[in-house]
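Reading the structure
Chain residues, written in single-letter form:
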Amino acid sequence: MRKYKQEPYTVPPWIYNAIQVLRPVERLTVSEWAAKYRVLPDGNAIPGPWSNSVTPYLVEIMDAFSDDMVEEIVFVKPTQVGGTSAMENMLGSLIAQDPAPTMVVYPSDDLAERTTESKLEPMVKSCKVLADKGRKNDSKKLALKISDMTVYLTGANSPADLASTNIRYLFLDEVDKFPGASKKEADPVSLARERTKTFFNRKIFMASTPTLKTGHIWKAKEAAEAEKHYFVPCPHCGQYIELKFGCLKWPSKDDVPENTDRAEMAVYVCQACGAVITDQDKGKMLRAGRWQAVKQRTKNPKSVAFWLNTLYSPFTRFSDIAREFMRSKDDPELLHNFTNSWL
């Protein structure tokens, strides 16, 4: 029996394009999107493809941005925990999946310009799904044009810019460094919030290290309908504990005179079982950690506050925290900064 060779069938371009248009849009949570597409450019602590396992406590914070029930996310944070990267992942995810007018507010115009050049533009360039949407020729210093949207960047010191356009997504970075209200204008946070009123599905992300209880971030935390803290399992007893500075221990000055040596011997003592926890235990504990509500006013909160301290940072050792405390404890201003920026 004679066999005929079957020629390969090529789909005409117009049919292929029509199929692509009809395909359902990929919907990923922010953490899933970051794991699949985000590439951290050089200059980051760990450049290369994003890994949720490095800072696992950021996953729920990022995914709150993907939760239709949540309207506002508040992140009360220390330094060196990846909060800025989490915000960038939220921004990248919405550009790729659900574009709409967006504003990012920094403490000043100068900082907005520097951040655009050093972080946001490199983020877009290093991520192909974002780079394909970029319109660099149409962009300005503080207005990034994307194929389906514009990202406005401004400083909290420019009231006119804060009140100039309607937006669906609002990011407020380091809000406790924003200037206060004037006799003519409301405070910058209130002005920026006003821009989101026309969108029923708005999203607001606010992050900062705190300064005073009267500051923006602490007031937002207190006003949130839910407040969550991160709990991790002790590697010895398995009890889920919240890492607290009071449980960080090091030798007394009588036993070890030099502060540097004392700091290097710092360990964490589990408040549940009294066992010693070292930096080597931290990575596994963080990956098994979970956010727990310490306050919740409604069953389905629209505003959620996340609170974290530097003990959770994978980039900071227990000895670093002990050393900074020893350096700061006798100076009121340094101690104030240590309390806010580390604890």
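Up top is the structure.
Predicted model only: the values in this text are computed from it and were never measured.

Procedures and definitions
- Residues numbered from 1 in each chain as written.
- Predicted model: local features only at pLDDT ≥ 70, side-chain atom pairs only at ≥ 80, totals over all residues.
- Heavy atoms only, no water.
- Helix = DSSP H or I, 4+ residues; strand = E, 2+ residues; numbered from the N terminus.
- Buried < 20%, exposed > 50% of the residue type's maximum accessible area, 1.4 Å probe, protein only.
- Contact = heavy atoms within 4.5 Å.
- Areas by Shrake-Rupley, 256 points an atom, 1.4 Å probe, with all protein chains shown as cover.
- 1 Å grid on protein atoms, 1.4 Å probe; cavity = no way out; pocket = protein on both sides within 12 Å on 5 of 7 lines; lining within 4 Å.
- Points joined across faces, edges and corners; volume = space filled by probe spheres on them.
- Nonpolar A, V, L, I, M, F, W, Y, C, P; charged D, E, K, R; others polar.
- Core = buried A, V, L, I, M, F, W, Y, C linked by side-chain atoms within 4.5 Å.
- Pairing = 2+ DSSP bridges.
- Salt bridge = Lys/Arg side-chain N within 4 Å of Asp/Glu carboxyl O.
- Phe/Tyr/Trp six-rings, centres within 6.5 Å; stacked < 30°, edge-to-face > 60°.
- Lys NZ or Arg CZ within 6 Å of the ring centre and 35° of its normal.
- Arc of directions from axis to C-beta.

1. Quick look at the overall build of the chain
Within the chain one finds 13 helices and 15 strands. Counting every position in the chain, which comprises 343 residues, the buried fraction comes to 45%. The long-range share in the chain, meaning contacts at least 24 apart out of those at least 6 apart in sequence, stands at 73%. For the chain, the computed accessible surface area is about 18,100 Å², with 52% contributed by carbon and sulfur atoms.

2. With respect to the layout of surface pockets
Space inside the largest pocket adds up to approximately 820 Å³. Forming the walls of the largest pocket are 34 residues, and the residues nearest its centre are Asn44, Gly82, Thr84, Ser85 and Lys119. Mapped onto the lining of the largest pocket, the elements with two or more residues apiece are helix H4 (83-97) and helix H5 (109-126). In terms of residue class, the lining of the largest pocket is made up of 13 nonpolar, 12 polar and 9 charged.

3. Digging into the nonpolar core
Formed by 66 residues in total, the largest nonpolar core has its most connected members in Tyr57, Ile61, Phe75, Val151, Phe171, Phe205 and Tyr268. Per-element tally for this core: the top contributor is H4, with 6 residues. Here Ile61 is in contact with Ile73, Phe75, Met90, Phe205, Trp291 and Phe306, once residues within four sequence places are set aside. With 19 residues, the next largest nonpolar core counts Met103, Val175, Val189 and Ala220 among its residues.

4. What to know about the side chain of Thr316
Relative to the elements of secondary structure, Thr316 occurs in the loop between strand E15 (303-307) and helix H12 (318-328). A relative accessible area of 8% places Thr316 in the buried class. Ignoring any residue separated from it by four or fewer positions in sequence, one finds Thr316 in contact with Gln80, Asp279, Lys282, Thr310, Ile321 and Trp342.

5. A short note on the sheet that holds strand E12 (residues 267-269)
Strand order in this open sheet of 3 strands is E11-E12-E13, and the pairing throughout is antiparallel. Only two strands of the sheet have a single partner each, and these edge strands are strand E11 (248-249) and strand E13 (276-277).

6. Digging into the pattern of salt bridges
Evaluation of the coordinates by the stated rule reveals 18 salt bridges. Here Arg168 makes a salt bridge to Asp98, at a shortest N to O gap of 3.0 Å. Taken together, the positions of Arg168 in the loop between helix H7 (159-162) and strand E7 (169-173) and Asp98 in the loop between H4 and strand E4 (102-106) put the pair 70 residues apart, joining distant regions of the chain. What makes Arg168 buried here is its relative accessible area of 12%. On the basis of relative accessibility, which here comes to 24%, the residue Asp98 falls in the partly exposed class. Notably, a salt bridge pairs Asp330 with Lys329, separated by 3.3 Å at the nearest N-O pair. Judged by relative accessible area, Lys329 falls into the partly exposed class, the value being 38%.

7. Description of the packing of aromatic side chains
Counting across every chain of the model gives 15 aromatic pairs. Connected via pairs of aromatic rings, a cluster forms that spans Tyr57, Tyr230, Trp291, Phe306 and Tyr312. If you follow Lys282 out to its NZ or CZ, it ends over the ring of Phe318, 4.8 Å from the centre.

8. Points about helix H9 (residues 216-223)
Of all the positions in H9, only His216, Ile217, Ala220 and Lys221 are classed as buried. Projected down its long axis, H9 shows its buried positions confined to an angular sector of 130°, all on one face. On its buried face, H9 sits against strand E3 (72-76), helix H8 (188-194), strand E8 (203-208), strand E9 (226-233), strand E14 (290-296) and E15.

9. Examining H12
Given 3.6 residues per turn, any residue in an α-helix points the same way as the ones three and four places further on. Residues of H12 that are buried: Phe318, Ser319, Ile321, Ala322, Glu324, Met326 and Ser328. Looking at the buried positions of H12, the neighbouring elements they touch are E11, helix H10 (259-264), E12, E13, helix H11 (279-287) and helix H13 (332-342).

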